[in-house]
Structure formats: structure tokens, C-alpha cells
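Okay, here's what each chain looks like letter by letter:
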Amino acid sequence: MAALLEFEAVSAAYNGAIAALNGVSLRVEEGDFAALLGANGAGKTTLLKAASNLLPAERGRITAGHIRFEGRDVTESSPGAHIRAGLVPVLEGRRLFKSLSIEENLVTGAVGRGFGRRGVAEGLELVYDLFPRLKQRRRSVAGLTSGGEQQMAAIGRGLMAKPRLFVLDEPSMGLAPLVVAEIFAALERLNRETGLTLLVAEQNSAVALRHARHATVIENGRSTLSGPAQELAARPEIRDSYLGGHAA
Ligand code: ATP
């Protein structure tokens with residue numbers, strides 16, 4: 001398998017001082033569902049933002065190493081160009097247009113990619129098939145829907161851009177366990193049925209290890225462990241530190 005995204009000994013810092021990544025190496029192969037695990041502040045969000053060249057907007061920068069998407073250094077392209085090339089992030093906070101309907105929010109995901117009516121219709125069909133609740137709520141004002149529906153809409157909006165690499169930051173954030181399970185089951189199905197490559201940062205290690213194929217653990221800006229999700233879930237140090245002493 002070819003690496004779609006590759007981090008090679010990457011360090012990153014904010015304001016030229018605060019080190020957030022310290023030599024992280026990571027490969028996301030085509031067709032993989034890769035999970036990035038780690039505690040609060042470990043560097044997961046920084047890593048995902050770095051992949052889309054979003055650090056400069058936060059006065060952050062890569063201080064060492066290389067990040068390549070499809071073999072090209074990601075710092076050479078703008079975040080918008082990355083989306084057009086298929087590297088689509090869904091960052092923390094959902095950031096929907098609260099006064100637009102769910103469907104209008106979804107359609108905004110296709111804007112800028114130059115898809116015609118047919119492309120938009122196909123995208124909506126895929127999203128509604130994956131999240132039937134969104135179809136029921138498609139005319140609802142996004143700001144008045146539940147947190148789970150908003151997260152599904154944020155994911156759906158990303159899918160409307162037809163990603164080649166879909167990058168999600170903490171999709172479980174603030175959501176009830178049943179909704180989290182529904183979202184991860186949908187991501188797993190997407191990966192299995194369409195072959196979409198996923199990189200998902202998640203503090204909820206149990207659910208991430210249950211659904212992902214591979215996982216990498218980040219601690220203090222370093223990648224400390226990496227391997228097949230099932231193997232990691234069985235390791236004592238993962239069970240003790242990330243799964244509360246229980247197997248996933
Ligand atoms: P969380 O789950 O809380 O988002 P994380 O694993 O995603 O945690 P990061 O958000 O990447 O971790 O944070 C890594 C380090 O970088 C932390 O020490 C954090 O305080 C710092 N940091 C993150 N964003 C910024 C910023 N915009 N400016 C300065 N420092 C930052």
C-alpha cells in the first residue's frame with residue numbers, strides 16, 4: 001500500500017516557542033482507517049492542522065521534518081488547495097452555519113469543488129444513506145438541532161467535498177455514548193464500503209480502537225506506539241493508560 005499521508009520526524013511549535021510536536025512519524029496508507037490517540041494536549045489537533053497547512057493561521061509552524069500528502073510537501077499548498085486536492089478536514093467545534101438548514105450546510109461542502117447539480121445530488125444521497133437522521137432533519141435550522149445531528153452534519157459537509165483523505169478531530173466531543181457509537185459505525189462503514197481513507201484523532205480510545213484498522217498513540221508531541229488497532233487494544237500499557245484497565 002502507498003502512503004497517502006506521511007509525517008517524517010515532524011516537530012512543530014506555536015509562536016516560535018511552545019513545542020507541540022517533537023519528532024512525530026506517522027504513515028496513513030491508502031484505504032486505511034487510522035486513529036490518533038492521546039490525552040488532552042498531547043498534540044493531536046496540532047498534527048491534524050499541520051497536515052492541512054493550517055498552523056501558520058495560528059502563528060504555528062513546522063520546525064523540523066516533512067509532511068507529505070500524495071508525495072508532495074503539504075507546506076507548499078494552501079489549506080483551500082488541499083481541500084480541492086481531496087485532503088478534507090473536519091475540525092473540532094463543528095462550525096456549522098447555525099442559521100442555515102442542515103441541507104444548506106451540506107451543500108456548502110460541495111461549493112468550491114466545482115461540482116454540478118449531479119455531484120451535489122450524489123453527495124447528498126451518500127450522506128443521507130450514512131446518516132438517515134439528517135435526511136429527516138434536512139429542513140431544520142442547524143443551530144436548533146442536537147449536538148449529535150450537528151456533528152453528523154459537519155461530517156456530511158466534509159463528505160460533500162468528496163475527500164481522498166478525510167481527517168476528523170475528536171468526532172465524539174461532547175456527545176452521548178450511543179451517538180458516538182453511531183458516528184464511528186458510520187465511519188467504519190464508509191471506510192469498508194467506499195474505501196475512503198480516514199485519519200481520526202480521538203480521546204475516546206475504546207471506541208476508536210473498536211472501529212479503526214490502525215492506531216498511533218501521541219504523548220507530549222511524540223508518537224510512542226503504533227500498530228493494528230486490535231493489537232494495541234490488547235496491550236497492557238494501552239489498557240492501563242487509555243482504556244481504564246479494560247479491554248476495548
Ligand atoms: P485536545 O484534545 O485538547 O485538542 P490535543 O492532543 O489535540 O489536545 P493540541 O491542541 O495539539 O493537543 O495541543 C498541543 C500543545 O500545543 C498544547 O500544549 C497546547 O497548549 C499547545 N497549543 C495548541 N494550540 C495552540 C495555539 N494556537 N497557540 C499556542 N499553543 C497552542
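Only a predicted model underlies this, so the values are computations on that prediction, with no experimental measurement involved.

1. Some details on the sheet that holds strand β5 (residues 72–73)
Working step 1: Taken in spatial order, the four strands line up as β2-β1-β4-β5 in an open sheet, and their pairing is antiparallel. The two strands at the open ends of the sheet, each matched to only one other strand, are β2 (18–29) and β5.
Working step 2: Both strand β1 (residues 3–14) and strand β4 (residues 60–69) contribute to a ladder of eight bridges, which runs antiparallel. Within the sheet, the bridge partner assigned to Tyr14 lies in β4 and is Gly60.

2. Structural notes on helix α4 (residues 117–130)
Working step 1: When the terminal C-alpha atoms of α4 are compared, their 20 Å separation across 14 residues agrees well with the 20 Å that a helix rising 1.5 Å per residue should span.
Working step 2: Those residues of α4 lying buried are Gly119, Val120, Gly123, Leu124, Val127, Tyr128 and Leu130. Viewed along the axis of α4, the buried residues span an arc of 160°, placing them on a single side of the element. In this structure, α4 carries Arg117, Arg118 and Glu125 as exposed residues pointing more than 90 degrees from its buried face.
Working step 3: Packing partners of the buried residues in α4 comprise α3 (102–108), α5 (132–136), α6 (147–159) and α7 (177–194).

3. Some points on the environment of Glu6
Working step 1: Tracing the backbone through its elements, the reader meets Glu6 in strand β1.
Working step 2: For Glu6, a relative accessible area of 23% corresponds to the partly exposed category.
Working step 3: Separated by 66 residues in sequence, Glu6 and Arg72 place their C-alpha atoms 9.6 Å apart.
Working step 4: Filtering out sequence-adjacent residues up to four positions away, Glu6 remains in contact with Leu26, Arg27, His66, Ile67 and Arg68.

4. Concerning the site of the ligand
Working step 1: Neighbouring the ligand are 15 residues, the closest being Asn40, Gly41, Gly43, Thr45 and Thr46.
Working step 2: A distance of 2.5 Å separates an oxygen atom of the ligand from a polar atom in the side chain of Thr46.
Working step 3: In the model, a nitrogen atom of the ligand is placed 2.9 Å from a nitrogen or oxygen of the Glu58 side chain.
Working step 4: Taken by itself the ligand offers 630 Å² of open surface, and the protein chains cover 69% of this.
Working step 5: Elements with a minimum of two residues in the shell around the ligand: β2 and α1 (44–51).
Working step 6: For the shell around the ligand, the leading source of residues is α1, giving three residues.
Working step 7: Across the shell around the ligand, the residue classes break down as five nonpolar, six polar and four charged.

5. Focus: the pairing of β4
Working step 1: Sheet topology places β4 next to β5; two bridges connect them, and they run antiparallel. Counterpart to Arg68 in the pairing with β5 is Asp73.
Working step 2: Linking β4 back to β5 in an antiparallel pair, the connection comprises two residues, with Glu70 at a positive phi of about 50°.

6. Quick notes on α7
Working step 1: Here α7 is 18 residues long and its end C-alpha atoms lie 25 Å apart, about the 26 Å a rise of 1.5 Å per residue gives.
Working step 2: Taken together, the buried positions of α7 are Val179, Val180, Ile183, Phe184, Ala186, Leu187, Leu190 and Asn191. Taken down its axis, α7 places every buried residue within 150° of arc, on the same side. Counted as exposed and oriented over 90 degrees from the buried face of α7: Pro177, Leu178, Arg192 and Glu193.
Working step 3: Looking one or two places after α7, you find Gly195, whose phi comes out positive at around 80°.

7. Comments concerning the sheet that holds strand β10 (residues 222–228)
Working step 1: Strand order in this open sheet of six strands is β6-β7-β8-β3-β9-β10, and the pairing throughout is mixed. Each edge of the open sheet is held by one strand with a lone partner, namely β6 (87–90) and β10. Each strand of the sheet is rotated relative to its neighbour by a mean of 15°, with strand direction disregarded.
Working step 2: Strand direction decides the pairing type here: strand β3 (residues 33–37) and strand β8 (residues 197–202), joined by five bridges, are parallel. Among the inter-strand pairings, Ala34 is bridged to a residue of β8, identified as Leu199.
Working step 3: Packing against the sheet, α6 makes contact with β6 and β7 (165–169), and its axis sits at approximately 170° to β6.
Working step 4: Lying over the sheet, α7 contacts β3, β7 and β8, oriented at roughly 155° with respect to β8.

Conventions adopted
Residues numbered from 1 in each chain as written. Predicted model: local features only at pLDDT ≥ 70, side-chain atom pairs only at ≥ 80, totals over all residues. Heavy atoms only, no water. Pairing = 2+ DSSP bridges. Helix = DSSP H or I, 4+ residues; strand = E, 2+ residues; numbered from the N terminus. Expected span 1.5 Å × (residues − 1). Buried < 20%, exposed > 50% of the residue type's maximum accessible area, 1.4 Å probe, protein only. Arc of directions from axis to C-beta. Contact = heavy atoms within 4.5 Å. Near = heavy atom within 4 Å. Polar contact = N/O pair within 3.5 Å; in protein donor to acceptor, adjacent residues only side chain to side chain. Areas by Shrake-Rupley, 256 points an atom, 1.4 Å probe, with all protein chains shown as cover. Nonpolar A, V, L, I, M, F, W, Y, C, P; charged D, E, K, R; others polar. Axes fitted to C-alpha atoms, helices over the stretch in contact; angles between N-to-C directions.

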